[in-house]
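What follows is the residue order along each chain.
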Amino acid sequence: MMKLKSMESVFTIMILLSVSIIGKSEVYIVTIEGEPVISYKGGVNGFEATEKLDVTSDLVTSYSSHLEQKHDTILDTLFDDGNYKKLYSYKHLINGFAVHVSEEQAEMLRRAPGVKSVDRDWKVRKLTTHTPEFLGLPTGVWPTGGGFDRAGEEIVIGFVDSGIFPYHPSFENQNTEPYGPIPKYRGKCEVDPDTKKSFCNGKIVGAQHFAEAAMAAGAFNPEVDFASPLDGDGHGSHTAAIAAGNNGIPVQVQGYEFGKASGMAPRARIAVYKALYRNFGGFVADVVAAIEQAVYDGVDILNLSVGPNSPPATTKTTFLNPFDATLLSAVKAGVFVAQASGNGGPAAKTIVSYSPWIASVAAAVDDRRYKNHLTLGNGKILAGTGLSPSTGPNKKFTMVAANDVLLDSSVMKSSASDCQRPEVLNGIMVKGNILLCGYSFNFVSGSASIKKVAETAKSLGAIGFVLAVENVSPGTKFDPVPVGIPGIVITDVSNSMELIDYYNVSTLRDWTGRVKSFKGTGSIGNGMEAILYKSAPMVALFSARGPNIKDYKFQDADLLKPDILAPGSLIWASWSPNGTDEPNYVGEKFAMISGTSMAAPHISGIAALIKQKHPDWSPAAIKSALMTTSNTLDRGYRPILAQQYSGAETLTFIPATPFDYGSGHVNPRAALDPGLIFDAGYEDYLGFLCTTPGIDSDEILNYTHQPCNYTLGHPYNLNSPSVAISHLVGTQTVTRTATNVNEEETYTITSKMGPAIAIETSPPAMTIGPGASQKFTVTLTVRSASGAYSFGEVLLKGDRGHKVRLPVVAMGYDR
């Protein structure tokens, strides 16, 4: 047990369970000079020592009142009545108070005499999936459509994914604003074979599963894959909630609340087309059937957090195969398609979403990060990740390694060090100590989990655990995992080596290697508090990179991919308790995971908001609005950076290019009113296919049932909101047609480009009336054949305030 003397600052940072935000004020925890009751030994004139916490003692009552009066005096001296609200006075375990004040008032408190610390209460900040606030939806977008309770009204988003857990609060048909029928949608609702209840409830308007190909291949196991739309993986529930989950759903995991979740379009309807399964992924035949059904049923938006593992080898081009051809037909039917660009980054040419009719979405790291640290007995502080409570201040605990506390020496060390099996460890030796475990390949493969480490440590009575990573496979992600006891993963190999060296030096052993006494100590910090950074957004390390490819030989395409960047790292959203996709969240109702799978539904949800405001816009118009209004600067007004590996496989940050983020990071507010759009339809996409070298016209006829009566001259003449020329020789001129979707406006056109390529635009300005279209040209000329891509942009700036930007990429050649 801890001695009373060491408890004087146990609760220096207190977590408030329920606080509401008024205006811009937030809750702060303030500690001040002077001992609390539990550690007060006397010294204040008129107040005797309070040697123990006896709430019935007059001495305690008197001293407590004295402390509270000091709290009130500080606040009354600094602020006028009504300008603040004191919530609690802390007197017994810490000396301080909780107060609801503005940021400016908190700064005044920090400078006030006698104040020791002022800490913002992390739980007050609305972290949702955090991304609605990061993207400005609650203040800049939802109010324009009638508030969050109308955002996405009457829009149906189809999800080709692993199904849904329909009983989750993110998908409830809420009593306060129940969902009525939606006549335009005609999808079916399967019945849960176990509960005999429909998977639909008004919020979920369609639920079907597709597994014929999987069953034919012998891959489908009804025991774990579920022959129904039920999500046996977790992935489908997560993506559906990001795009269209209900607003204000408390995110609770391991007994802690991590803010409130909301979809991008919380009033949109959800249509489920399950074609992915937990053990084997999916088959294109099932996926294509699901897409076809979704379009038939009348979805407005289609979310595909799924893509091929590699370019199709059966067709000559990436743009023309059953999957992409089906999506071309979906776009022809007026359905906007968002697809994850892939998780093969940071290597070049890892994109798995190729075609111009699809919005290919890259993943960003947003401004919220979780960090933690381990403090060793020698004073060294080692950084790590761990979404956990701390072991407490001013006390360190003995560390014991799993390999040194085996019950049976015959147990292989490798099977015990990852702390997945509590039955092989000596609970008497572990109890009250910090359990030191090793990060094995089993964590990468998914057969071991941090959640299981926490369960092992807790079952053996450990105060907490440390998981040391001794070697890392390139591309391994260490996302923070919420655990109910103090725990940390030391992800940096050099830090792990320092920890292991300290442990070995501190541990006394006999001549056989058996431990005589454990002397190494440590303490684990508080990893629950999110830190917000201005260096956001940033392109996530795993996010697939361009250039786009046109064939299985990985030849560059004259089409920029990805198209756009959206949040995709550490995203909180709903999870299926049946879900096994992430072993750390088995049995949970929420999960925080990363991937371009999480980025795509952000775009799907925002596209639903645009579709709601502009119901007659084509998929290309929606995509154009998203792209031309996106940001290339971060929150600190610096160019967006991309996470990358240096030569030593260590994380570094480099200036991002259009091959990392496409046009830039999505800006929902601007996308609702883009000023100009670059529209394209089915005929334009056919022209793109017919112009692409290497595609046989008969092959196009096979997939599209259309002859090549229309070409663009070059693929880069497709009227897309970007320009990409992979093989620029001499001078090339590209034409774009802009359509005004607002009132009459005069746009000035400027451009810039890297020094190896000269760029000119014509005309220098143009006035476009409402609904009218006008052409302009972009001329690129090789200055030097550098053997590398040059990057630039065309900017159309309107006199009514609209800014329309097109990224430009080109590589110059001598011939």
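Right, let's walk through the structure included here. The shown structure was predicted, so the numbers you read here are calculated from the model rather than taken from an experiment.

## Digging into the environment of Ser624
Locating Ser624 in the fold gives a position in helix α16 (residues 619-628). Sequence-wise, Ser624 and Ile677 are 53 residues apart; in three dimensions their C-alpha atoms are separated by 5.6 Å. Ser624 has contacts with Leu676, Ile677, Phe678 and Pro721, leaving out every residue within four places of it along the chain.

## Some words on the packing of aromatic side chains
Across all of its chains, the model carries 12 aromatic pairs by this definition. Aromatic pair Trp357 and Tyr685: ring centres 5.7 Å apart, planes at 70°, arrangement edge-to-face. Of this pair, Trp357 sits in the loop between β13 (336-340) and β14 (359-365) while Tyr685 sits in helix α19 (residues 682-691), and the two are 328 residues apart along the sequence. Each member of the pair Trp357 and Tyr685 is classed as buried. Where Phe678 meets Phe776, the ring centres are 6.1 Å apart and the plane angle is 75°; that geometry is what we call edge-to-face. Of the two residues, Phe678 is situated in the loop between β32 (676-677) and α19 and Phe776 in strand β38 (residues 773-782); the sequence distance between them amounts to 98 residues. Grouping residues by exposure puts Phe678 and Phe776 together as buried. Connected via pairs of aromatic rings, a cluster forms that spans Phe659, Tyr789 and Phe791. Over the ring of Phe397 we find Lys395; its NZ or CZ atom is 5.3 Å from the centre of that ring.

## Regarding the environment of Asn584
Relative to the assigned elements, Asn584 resides in the loop between β28 (571-574) and β29 (590-593). Classification of Asn584 as buried rests on a relative accessible area of 13%. Considering only alpha carbons, one finds Asn584 and Ile450, 134 residues apart in sequence, at a separation of 6.0 Å. Not counting the four nearest positions on each side in its chain, Asn584 is found in contact with Ser449, Ile450, Lys451 and Val481.

## A closer look at the environment of Cys200
If you trace the backbone, Cys200 turns up in the loop between β5 (156-161) and β6 (204-209). Note on Cys200: relative accessible area 16%, which makes it buried. The spacing of Cys200 and Asn173 is 27 residues in sequence and 9.5 Å in space, taken between C-alpha atoms. Cys200 has contacts with Cys189, Val205, Gly206 and Ala207, leaving out every residue within four places of it along the chain.

## A short note on unusual backbone geometry
Residues apart from glycine generally show negative phi values, whereas peptide bonds are mostly found in trans. Backbone torsion omega between Gly546 and Pro547 reads 5°, so that peptide bond is classified as cis. Note that Pro547 resides in the loop between β26 (538-539) and β27 (564-567). For the peptide bond that leads from Ser762 to Pro763, omega is 0°, which places it in the cis range. Tracing the sequence through the fold places Pro763 in the loop between β36 (757-762) and β37 (765-768).

## What about the state of the cysteines?
Any covalent bond linking the sulfur atoms of two cysteines counts as a disulfide. Across all of its chains, the model carries 3 disulfides by this definition. There is a disulfide in this structure between Cys189 and Cys200, and the S-S distance comes to 2.1 Å. Judged by the sign of its S-S torsion, about -95°, the cystine formed by Cys189 and Cys200 is left-handed. In this pair, Cys189 is assigned in the loop between β5 and β6 and Cys200 in the loop between β5 and β6, connecting sequence segments 11 residues apart. According to the relative accessible area criterion, Cys189 is partly exposed, its value standing at 32%. Disulfide pairing places Cys690 opposite Cys708 at an S-S distance of 1.9 Å. Here Cys690 and Cys708 share a disulfide; its torsion about the S-S bond, -85°, makes the bridge left-handed. Remark: Cys708 occurs in the loop between α20 (697-704) and β33 (723-729) and Cys690 occurs in helix α19; sequence separation between them is 18 residues. Assessed through its relative accessible area of 28%, Cys708 is described here as partly exposed. Each disulfide in the protein links cysteines that, numbered along the sequence, combine into the pattern 1-2, 3-4, 5-6.

Conventions adopted
Residues numbered from 1 in each chain as written. Predicted model: local features only at pLDDT ≥ 70, side-chain atom pairs only at ≥ 80, totals over all residues. Heavy atoms only, no water. Helix = DSSP H or I, 4+ residues; strand = E, 2+ residues; numbered from the N terminus. Contact = heavy atoms within 4.5 Å. Phe/Tyr/Trp six-rings, centres within 6.5 Å; stacked < 30°, edge-to-face > 60°. Buried < 20%, exposed > 50% of the residue type's maximum accessible area, 1.4 Å probe, protein only. Lys NZ or Arg CZ within 6 Å of the ring centre and 35° of its normal. Disulfide = S-S within 2.5 Å.

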